[in-house]
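# Structural features, examined
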Amino acid sequence: MKLMKLGARPDTFFTSGPVRSVYTEVATDLEIFVDNCLFRLHKFPLLSKCLLLQALCAESDAVELPGFPGGAEAFEACAKFCYGIAVTVGAHNAVPLRCAAARLGMTEAAERGNLGAKLDAFLDSCLLRRWRDALAVLRSTHRHAAACEELGVTSRCVEAVAILATDPGGGSTASAAAGCSSSLSSSPPWWARDVSELGVDLFWRVMVAVKAAGTVKGRAIGDALRFYARRWLLNGYLPAEQAAGGGDDANHRLLVEKMASLLPAERNAVSCGFLLKLLKAANVLRASPATKAELTRRVAMQLEDAGVGDLLIPSCAGADTLYDVDAVMAILEELALRQAAAAAAGMTEVSPPPHARGHHRRSRSAESSEFEGARRSTSAAASHGAMVRIGRLVDGFLVEVAKDPNLPLEKLVAIAEAVPDCARPEHDDLYRAVDSYLRVHPEMDKSSRKKLCRVLNCRKLSEAASMHAAQNELLPLRVVVQVLFFENARAAAALSGPTVANRVAGVKALLAKTRREAEDGGEEVAVKEEQRRRGLAAGAPGGGGDWSVEGLKRAASRISTLRMKLEEDEDDDADDGAFVHRARPGLVRSASSRVRALCATAIPAAKPKRMFSRLWPSSRSIAASERH
């Protein structure tokens with residue numbers, strides 16, 4: 001620590017109870033009351049250097065100085081300077097002495113080389129050039145904030161600390177002098193611990209100056225903010241004093257608002273978990289709406305990096321729900337706005353200018369546009385992966401909040417629908433949330449259950465989730481039927497996938513062949529069509545199926561057999577509601593019979609008869625026409 005000595009005479013001041021005086025042969029002629037202490041001094045050495053005392057002593061020899069900066073100790077040091085007695089000045093007393101000198105009017109106007117000018121020179125040349133001294137001086141300005149602001153001492157100290165923190169050459173020396181490099185982790189900057197000891201106002205001013213310098217990266221500023229929050233906030237969102245049952249909420253609210261305003265502009269300068277902790281603190285401390293809006297906007301920028309526990313924001317006092325679902329909904333709305341704006345900007349960039357739409361000649365700019373399009377496709381794929389992570393995050397959040405008995409159904413559905421369908425490749429977690437909400441709210445009516453289950457897509461349920469849903473008595477019957485149908489359809493597709501693919505390929509080849517034949521000539525097609533009709537009249541099978549009289553009889557026989565089987569299955573199976581309650585253990589084994597029952601209900605037995613009766617006369621008329 002740097003020290004400065006003023007004066008050379010030995011100390012002749014003495015104290016007798018509440019009275020302080022000086023040993024001299026000349027009697028004292030001036031009494032000054034400072035901080036319940038009486039100073040008996042001489043006018044000549046004091047009035048020559050203090051403009052305030054000159055004005056006050058013109059009317060009386062007894063002067064009172066209420067609210068003197070630094071108290072009796074600072075006034076005694078100023079008086080010793082006037083007597084020429086040795087005074088030691090350092091970082092611990094430079095600020096109160098400078099404020100006391102300003103109060104007494106010890107400026108160059110009173111006498112050249114006065115105390116005020118000497119202290120300013122000592123601050124600028126020594127104390128504010130060393131990290132440790134500059135930080136000590138800055139901390140001491142908090143006790144004399146108004147006087148230091150008026151004198152400009154605080155601004156000079158803040159600027160000096162910011163310069164020392166951003167100076168790459170002096171940073172290592174200052175860090176070694178402060179002795180904090182060994183105790184800090186590699187992530188926060190070397191000055192983070194020392195700056196974290198400042199009050200919120202001074203810390204905010206220092207960080208603003210550091211950001212304005214432009215030499216410190218946003219990640220380092222974010223680490224310093226995180227270190228400061230860890231120092232003054234408990235568990236990331238509760239002030240230490242508030243957790244103990246006391247504390248000033250106004251100061252803590254100011255702390256959160258100041259830290260929100262200091263967030264770097266870079267996207268990954270701070271983690272999403274840290275931002276959500278600040279949002280929790282803003283909720284608990286009832287911060288300003290602007291602070292909450294800023295934190296919400298920053299969280300939406302990097303929501304895919306958050307965890308489910310980070311989204312569990314406690315509700316304010318007096319709220320019915322355990323967690324602040326509205327805050328999460330605001331984050332998702334902000335995310336949707338950002339996605340829409342990005343999509344609109346992408347469409348604007350991709351669309352060509354009007355004067356270039358008619359040109360077909362490729363140019364270098366067209367090739368550049370293709371390259372940019374490929375690059376945007378790559379970034380779009382990355383964006384899709386981020387949206388999938390967000391979908392899993394929101395579904396995990398819904399699983400937790402669905403256990404709250406006071407959560408309204410409308411809010412749960414709103415959050416579930418806020419996630420786009422592309423962000424949910426599977427609905428297992430969403431189904432867990434729906435199941436949890438139904439178990440917590442057993443009194444829900446049928447319409448509410450249907451409204452809740454509308455957010456589910458049964459096609460996207462895994463096999464295990466489908467098994468559970470098929471046996472879930474809380475789900476509406478329609479949902480259970482859909483689960484069974486899609487599960488059976490999935491099993492059928494898995495068994496007959498190659499056959500279906502071959503049939504589709506055969507149909508495509510047949511259509512292509514027919515198209516080529518039509519292009520080759522119409523006469524050959526007409527001859528073939530005439531031969532086909534005669535073959536049908538004679539009872540021969542056709543290429544596209546057996547449409548002869550015997551073939552139609554065989555088709556009618558098969559339809560009758562199918563109808564008999566469906567009627568037997570209908571007699572074996574009860575209605576859908578009784579089926580769900582009866583087939584709980586063997587629900588999967590009876591799935592095929594339930595599908596047959598649904599088919600019997602969907603296709604009445606009378607329809608095949610009507611279809612057959614329509615086909616029979618037409619075939620007879622065709623045969624008669626061929627005979628004639």
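Notes on the structure in this doc start here.

Rules of the game
Residues numbered from 1 in each chain as written. Predicted model: local features only at pLDDT ≥ 70, side-chain atom pairs only at ≥ 80, totals over all residues. Heavy atoms only, no water. Phe/Tyr/Trp six-rings, centres within 6.5 Å; stacked < 30°, edge-to-face > 60°. Helix = DSSP H or I, 4+ residues; strand = E, 2+ residues; numbered from the N terminus. Buried < 20%, exposed > 50% of the residue type's maximum accessible area, 1.4 Å probe, protein only. Salt bridge = Lys/Arg side-chain N within 4 Å of Asp/Glu carboxyl O. Pairing = 2+ DSSP bridges. Axes fitted to C-alpha atoms, helices over the stretch in contact; angles between N-to-C directions.

### Details of the packing of aromatic side chains
A full pass over the atoms with the stated rule returns eight aromatic pairs. On the basis of an interplanar angle of 80° and a centroid distance of 5.9 Å, the ring pair of Phe13 and Tyr83 is categorised as edge-to-face. One end of the pair, Phe13, is in strand E2 (residues 13-16); the other, Tyr83, is in helix H3 (residues 71-83), with 70 residues separating them in the sequence. Both residues of the pair, Phe13 and Tyr83, count as buried. Taking 5.5 Å as the distance between ring centres and 70° as the angle between the ring planes, the aromatic pair formed by Phe485 and Phe486 counts as edge-to-face. Relative accessible area serves as the criterion here: at 47%, Phe485 is assigned to the partly exposed category. Judged by its relative accessible area of 18%, Phe486 falls in the buried class. Clustering of aromatic rings is evident, with ring pairs tying together Phe39, Phe68 and Phe75.

### Thoughts on the pattern of salt bridges
Tallied over the full model, the rule gives 23 salt bridges. The salt bridge involving Glu76 is made with Lys80; its shortest N-O contact spans 3.4 Å. Remark: Lys80 and Glu76 occur in helix H3; sequence separation between them is four residues, near one turn of the helix. Each member of the pair Glu76 and Lys80 is classed as buried. In this structure, Arg130 and Asp133 form a salt bridge, with 3.2 Å as the shortest nitrogen-oxygen distance. Residue Arg130 is classed as partly exposed on the basis of its relative accessible area, which comes to 39%. Here the salt bridges do not stand alone but share partners, grouping Asp11, Arg20, Glu73, Glu76 and Lys80 into one network.

### What to know about the sheet that holds strand E6 (residues 62-64)
If you trace the five strands from one edge of the open sheet to the other, you get E2-E3-E5-E4-E6, paired in mixed fashion. A strand with exactly one partner marks an edge of an open sheet, and here the two such strands are E2 and E6. Each strand axis lies, on average, 20° off the axis of its neighbour in the sheet, ignoring direction. Here strand E4 (residues 30-34) runs beside E6; their pairing, made up of three bridges, is parallel. Directly across from Ile32, in E6, lies its bridge partner Val63.

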